[in-house]
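Letter by letter, the chains look like this.
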Amino acid sequence: MSDEAGSAVRAQLGWVIRQDVDKAGPAATDGEEFIYVDISSIDRDSKKITDAKKIATSSAPSRAKQRLQTGDVLVSMTRPNLNAVAMVPRELDGAIGSTGFHVIRTEHVDSRFVFYLTQTRDFIESLSQRVQGALYPAVRPADIDSFEFLLPPTAEQVRIVAKLDELFSELDQGVENLRTAQQQLKVYRQALLKHAFEGKLTAEWRAQNPDKLECAEALLARIQQERKARQQQLTEWQEARQAWEANGKSGSKPAKPKAPKVLPPLTTKELAELPGLPAGWAWMKIHQLCEVVRGGSPRPAGDPKFYDGNIPFLKVADLTKGSSPYLTSYTYTIKEAGLNKTRQIKPNTLLLTNSGATLGVPKICLISATMNDGVAAFLGLPQDQLLYHYYFWQSQTERLRNIDQGAAQPNLNTDLIKETPIPVCSPVEQATLTQTIEAALSGADQLEQTITTSLQQAEALRQSILKKAFSGQLVPQHPDDEPASVLLERIRAERAAQQPATRRGRQRRAEA
């Protein structure tokens, strides 16, 4: 297919789109409810509408305007680089679509041909270059209508679609299997962590090492003794204060450590509601093992007297970068003037995000830093037990995000964190447990990488096939096909014939 061959012509998408989409929104005939399709209804991976919503007619969103028909191609005008496109199936005929879609409705051009066209890299890149707006990046309907492509004869469109359906049938099945495997890996990771903190992963180790186990009473006594090590903190404070005074009292005065607040242990009722544990394990509250504190942020955030100094300042985004348990880098810094507005931590401190959509992400910080109020720190945890606690909080992420505190977004105060029950075993078993977890997760990570690479290769193959399809290299051209130029003229003639009738209708209504 080429311009020179004469069978195809270069056209704009808007030339072949019908302009008769009803934009009046839900009608009385829809009854008390209607089916609503918005951008979130589309699965960007499968290019299908997977989450159409039932909405009460009385509370229809302001964007619920466009009545859809079977075969309509929906193109999201927001963030076109994500390529949220789909075709309306028969069962959604008559549904109402969001005005965030440009509805491509065709009559003389195969709608599946257009559907595949909107998935090409050329289409995606063309729209991405026309995006306007930073907070709400989007394109206009005119940007989509002006997209240029080679329009083949009608018969060739049918052959192209049939070939693409054939090739993508197997490819899409493979991709679906890979995505299913991805979801199964997520389930596996959560199941692994759940079993770990029920004592199941180290059951065989305990059977083989009975001499290395502690009874629950000895375990509790040892932990209580470790918590009495506050004298060491006082010694460190005294040394820091002496250094501060010797330095002419420059910078912030070291704060005297407070005595740990005595909080009640788990009650008999609380213990009865928790799962049973193996011999040598015990349930404890986090506050019995360490001190939990929250960071702070100098205000206002843009004040130059606080920020852009030489002291690392950790935000939630720093904790959510990468998959490693360890945090060694930072994005922001503060000056000494901001130290009394935040909290300093030492290396080898466990951190936890305590607000927002990423609530519950743990990280072991390996640097000396300060932190903002979206981060909680666990002070006093032994270095050799950090990974144990890191994986415990990973196992709690979903539970934490489902705690309803009536706030606009998920949020954990430090009291909720302190009151969290954690199963505790001896340090030697903790070390064995973390090694077992890491070995299992390492295998899962390798499999995850293999799946990711396979998905990338599948997408590259898909784009290669689409490129051939829309450049005339996928199916043969037949000289007896009606030229696309004739098709285009027919579309133009029909539009021209409809326009006077439309004007006359408007004129009659105006005269009336």
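For the structure itself, consult the block above.
Undergrad: Please explain the sheet that holds strand β8 (residues 85–87) as it appears in this structure.
TA: Strand pairing in a sheet relies on backbone hydrogen bonds. The paired strands run either parallel or antiparallel. Overall, antiparallel pairing links the 3 strands, which are arranged β8-β7-β10 in an open sheet. Of all the strands in the sheet, just β8 and β10 (101–104) have a single pairing partner and so form its edges. Across the sheet, the mean angle separating the axes of adjacent strands is 20 degrees when strand polarity is ignored. Sheet topology note: the strand β7 (residues 73–76)/β10 ladder contains 4 bridges and is antiparallel. Pairing of leucine 74 across the sheet is with valine 103, part of β10.

Undergrad: How should I be thinking about the packing of aromatic side chains in this particular structure?
TA: Geometry of an aromatic ring pair is reported as the spacing of the ring centres plus the angle between the planes. Applying the stated criterion across every chain yields a total of 12 aromatic pairs. Taking 6.3 Å as the distance between ring centres and 70 degrees as the angle between the ring planes, the aromatic pair formed by phenylalanine 34 and tyrosine 36 counts as edge-to-face. For phenylalanine 34, a relative accessible area of 4% gives the class buried. Seen in terms of ring centroids, tyrosine 390 and tyrosine 391 are 5.0 Å apart; in terms of plane orientation they differ by 70 degrees. Their pairing is edge-to-face. Ring-pair connections join several aromatic residues into one group, and the members of that group are Phe197, Phe378, Tyr388, Phe392 and Trp393. Lysine 315 extends its terminal NZ or CZ atom over the ring of tyrosine 332, reaching a point 4.3 Å from the ring centre. Here the guanidinium or amino end of arginine 462 rests over the ring plane of phenylalanine 168, the centre of that ring lying 4.1 Å away.

Undergrad: Looking at this structure, how should I read the environment of arginine 10?
TA: Relative to the helices and strands, arginine 10 resides in strand β1 (residues 9–12). It is 81 Å that separates the C-alpha atoms of arginine 10 and glutamine 242, two residues lying 232 residues apart in sequence.

Undergrad: What is the right way to look at the pattern of salt bridges in this model?
TA: When their charged atoms lie close together, side chains carrying opposite charge are able to pair. Under the definition given, this model contains 24 salt bridges. Here glutamate 482 ties to arginine 490 by a salt bridge, and the two come within 3.0 Å at their closest N and O atoms. By relative accessible area, which is 31% here, arginine 490 ends up partly exposed. Measuring nitrogen to oxygen at the nearest pair gives 3.1 Å for the salt bridge that ties arginine 492 to glutamate 489. Remark: glutamate 489 and arginine 492 occur in helix α13 (residues 484–511); sequence separation between them is 3 residues, near one turn of the helix.

Undergrad: What am I meant to see in the pairing of strand β14 (residues 307–314) here?
TA: A regular strand carries its side chains on alternate faces of the sheet. Direction of pairing for β14 relative to strand β16 (residues 332–334): antiparallel, over a ladder of 4 bridges. Residue pairing in the sheet places phenylalanine 313 in a bridge with tyrosine 332 of β16. Bridge count for β14 against strand β20 (residues 369–371) is 2 bridges, and the pairing is parallel. Each bridged residue has a counterpart across the sheet, and for leucine 314 the counterpart in β20 is methionine 371.

The rules behind the values
Here, residues in each chain are numbered from 1, in the same order as that chain's written sequence. The predicted nature of this model means local features are confined to residues of pLDDT at least 70 and side-chain atom pairs, given and counted, to a pLDDT of 80 or more, with totals for whole chains, interfaces and linings taken over all residues. Side-chain measures were taken over the full set of non-hydrogen atoms in the model, leaving aside hydrogen atoms and water. Note on pairing: DSSP must find at least two bridges between two strands before they are called paired. Strands are runs of DSSP state E lasting at least 2 residues, helices are runs of H or I lasting at least 4, and numbering of each runs from the N terminus. Fitting a line to C-alpha atoms yields each axis, with helices limited to the stretch in contact; the angle taken between N-to-C directions then spans 0 to 180 degrees. Here the aromatic set is Phe, Tyr and Trp, taking the six-membered ring for Trp, and pairing holds for ring centres within 6.5 Å; pairs whose planes are under 30 degrees apart are stacked, those over 60 apart are edge-to-face, and all others are tilted. Partly exposed describes any residue whose relative accessible area lies between the buried limit of under 20% and the exposed limit of over 50%, with all areas from a 1.4 Å probe on protein chains only and scaled to the type maximum. We call a charge positioned over a ring when the NZ of a Lys or the CZ of an Arg lies within 6 Å of the ring centre and within 35 degrees of the ring normal. A side-chain nitrogen of Lys or Arg and a carboxyl oxygen of Asp or Glu constitute a salt bridge if their distance falls within 4 Å.

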